[in-house]
Amino acid sequence: MTRITHLECSRCGEPLSAESPQTVCPGDGGVLFVRYDLAEIKKSFRPARLAGRTPTMWRYAEVMPEAEPVTLGEGLTPMLASREFPNVYIKDEGLNPTGSFKARGMAVAVTMARYHGLRKLAVPSAGNAAGALAAYAAAAGLEAHIFMPKDVPAANRIEGEYYGAHVTLVDGLISDCARMVAQLQQKEGWFDVSTLKEPFRLEGKKTMGYEVAEQLCWKMPQGIIYPTGGGVGLIGMWKAFDEMEQMGWIGPERPQMVAVQSIGCAPIVKAWDEGKAASDSWPNAGTVAAGLRVPKAYGDYIILDILRKSGGLALAVSDEEIMDALKQWARTEGIFAAPEGAASLAAYRKLLESCFFGSDDVVVMFNTGTGLKYLDAIENRNTARRELPKSREIAGIIGPY
Ligand SMILES: [Zn+2]
């Protein structure tokens with residue numbers, strides 16, 4: 001892989017080889033970033049070169065791994081102008097294969113797994129990451145081993161089974177699933193593709209940053225509102241902006257990055273408000289937005305650093321505000337969003353009210369997935385109203401899945 005020079009630890013800067021499968025920094029557990037020879041790449045890779053290329057995230061091939069992609073057509077999702085707010089856009093990730101932004105990361109992780117000759121991939125997941133891994137593993141002819149709490153949304157369990165993944169339903173929490181993967185992986189020869197413990201999922205997610213720039217004609221928006229569980233997309237987009245600046249595609253300007261969480265699980269918001277560099281694990285995490293039930297993001301220290309550098313912030317919204325926004329988007333925009341995505345609109349309303357954003361500011365809201373994968377959660381919410389069913393109160397999640 002000549003374009004990729006090495007992997008680099010985000011904590012200590014230690015370089016590692018990209019020619020063999022890596023997880024995290026062996027010294028300090030830091031998240032690994034894939035580094036490219038951008039000085040060489042910039043000589044021939046310019047925005048004009050993108051014209052006529054495949055309408056998927058693989059159009060940015062020069063800043064992606066040089067391996068035959070395992071693709072289902074992910075990426076280059078619509079950037080829709082809001083019908084309600086002028087100058088606001090909705091980046092609709094629900095149109096990805098498997099209905100969520102998880103497709104981007106898993107497409108690259110599975111591409112690299114096949115490239116490295118790995119055969120068996122495993123992930124603990126309570127949501128869309130499982131479905132995405134299962135689909136790409138099927139497309140690559142690899143084994144997928146998925147561990148889910150037995151009360152996961154039906155869509156995630158059913159699609160996994162249909163993609164031919166080995167789905168294990170665990171009578172416990174997502175933390176128990178993660179422990180089972182950790183215990184079994186060596187004996188079974190599995191490679192764990194958990195969020196940020198596999199460096200190439202970030203490379204898939206970063207393409208959202210390239211797309212924001214390309215779809216807004218290489219002009220950075222004032223703000224990006226991103227529903228933040230594990231926060232890989234936020235970290236990935238920031239990496240993309242740095243790469244684009246190094247290639248001379250954009251200047252030093254950056255959007256104000258906004259991380260939105262649910263008040264039922266808001267560790268990043270708490271750390272942000274307290275001015276801390278890392279978050280504490282959030283006890284008894286519970287929210288209708290399953291993807292935001294991440295009590296402690298593995299890359300929390302990177303997320304908080306980005307919020308600071310960009311002049312952004314972290315804020316929390318309630319489940320009631322999320323459900324209200326979900327309905328509003330559906331009725332005014334024609335978008336049936338995942339609850340996580342609807343949190344973006346709830347956040348934008350607050351930031352407009354507090355004058356953090358003005359109505360002239362160009363702001364991109366991310367919808368991370370389709371609401372169609374949450375029908376049971378949404379239906380439960382409608383019938384139970386304010387009272388959350390026990391099955392939605394998954395507590396003690398230890399990682400971003
Ligand atoms: Zn390190």
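A. Molecular detail of unusual backbone geometry. In this model, Thr-98 sits at a positive phi of 65°, which is unusual for a non-glycine residue. If you trace the backbone, Thr-98 turns up in the loop between strand 5 (88–92) and helix 2 (102–115). The buried category is assigned to Thr-98, whose relative accessible area is 14%. Non-glycine residue Cys-217 carries a positive phi angle of around 55°. Of note, Cys-217 is situated in the loop between helix 6 (200–215) and strand 10 (223–227).

B. Here's a closer look at the environment of Glu-243. Relative to the assigned elements, Glu-243 resides in helix 7 (residues 232–246). Glu-243 gets classed as buried once you look at its relative accessible area, which sits at 4%. The sequence separation of Glu-243 and Tyr-36 amounts to 207 residues, and the corresponding C-alpha distance is 8.9 Å. Not counting residues up to four positions away in its chain, the partners in contact with Glu-243 are Val-34, Tyr-36, Leu-38, Val-63, Glu-203, Lys-206 and Tyr-210. One polar contact links Glu-243 to Lys-239, side chain to side chain, over a distance of 2.6 Å.

C. Examining the packing of helix 10 (residues 319–333) against helix 11 (residues 339–353) more closely. Two elements in contact, helix 10 and helix 11, have axes separated by 8 Å at closest approach and are oriented at 95°. Considering the angle they form, helix 10 stands roughly perpendicular to helix 11. Contacts between helix 10 and helix 11 involve Glu-321, Ile-322, Asp-324, Ala-325, Leu-326, Gln-328 and Trp-329 from the former and Pro-339, Gly-341, Ala-342, Ala-343, Ser-344, Leu-345, Ala-346, Arg-349 and Lys-350 from the latter. Class assignment for the residues of the contact of helix 10 with helix 11 results in nine nonpolar, three polar and four charged.

D. Quick look at the nonpolar core. Leu-121, Ile-225, Met-237, Phe-241, Met-257 and Leu-307 are the most contacted members of the largest nonpolar core, which has 132 residues in total. Setting aside anything within four residues of it in sequence, one finds Leu-307 in contact with Leu-234, Met-257, Ala-259, Ile-268, Trp-272, Gly-312, Leu-313 and Ala-314.

E. Structural view of the packing of aromatic side chains. By the definition in use, this model includes ten aromatic pairs. A centroid spacing of 4.9 Å and a plane angle of 70° characterise the contact between Phe-85 and Tyr-348, whose relative ring orientation is edge-to-face. Here Phe-85 is found in the loop between strand 4 (79–81) and strand 5, whereas its partner Tyr-348 is found in helix 11, with 263 residues between them in sequence. In terms of burial, Phe-85 and Tyr-348 fall into one category: buried.

Cut-offs applied
In this numbering scheme, every chain counts its residues from 1 along its sequence in written order. For a predicted model such as this one, the threshold for reporting local features is a pLDDT of at least 70, and the threshold for listing and counting side-chain atom pairs is 80 or more; totals across whole chains, interfaces and linings nevertheless cover every residue. The side-chain figures draw on all heavy atoms in the structure; neither hydrogens nor water molecules are used. Labels follow the DSSP assignment, with helices taken as runs of H or I lasting at least four residues and strands as runs of E lasting at least two, numbered in each case from the N terminus. Note on classification: 1.4 Å probe, protein chains only; a residue is buried when its accessible area is under 20% of the maximum for its type, exposed when over 50%, partly exposed between these limits. What makes two residues a contact is simply this: any of their non-hydrogen atoms within 4.5 Å. Pairing of N or O atoms within 3.5 Å defines a polar contact, subject to two protein rules: one partner must be a possible hydrogen donor and the other a possible acceptor, and residues neighboring in sequence count only if both atoms are side-chain atoms. Helix axes are fitted only over the stretch in contact, all axes being lines through C-alpha atoms; the angle between N-to-C directions runs from 0 to 180 degrees. Note that the term roughly parallel is reserved for angles under 35 degrees, roughly antiparallel for angles over 145, roughly perpendicular for angles of 65 to 115, and oblique for everything else. Ten residues, namely Ala, Val, Leu, Ile, Met, Phe, Trp, Tyr, Cys and Pro, are considered nonpolar, four, namely Asp, Glu, Lys and Arg, are considered charged, and the remaining ones, Gly among them, are considered polar. Throughout, nonpolar core names a set of buried Ala, Val, Leu, Ile, Met, Phe, Trp, Tyr and Cys residues whose side chains join them through atoms within 4.5 Å. A pair of aromatic rings is counted whenever rings of Phe, Tyr or Trp (Trp by its six-membered ring) have centres within 6.5 Å, and the orientation is called stacked for planes under 30 degrees apart, edge-to-face for over 60 and tilted otherwise.

Everything listed here is a matter of coordinates, which is why it stays silent on function.
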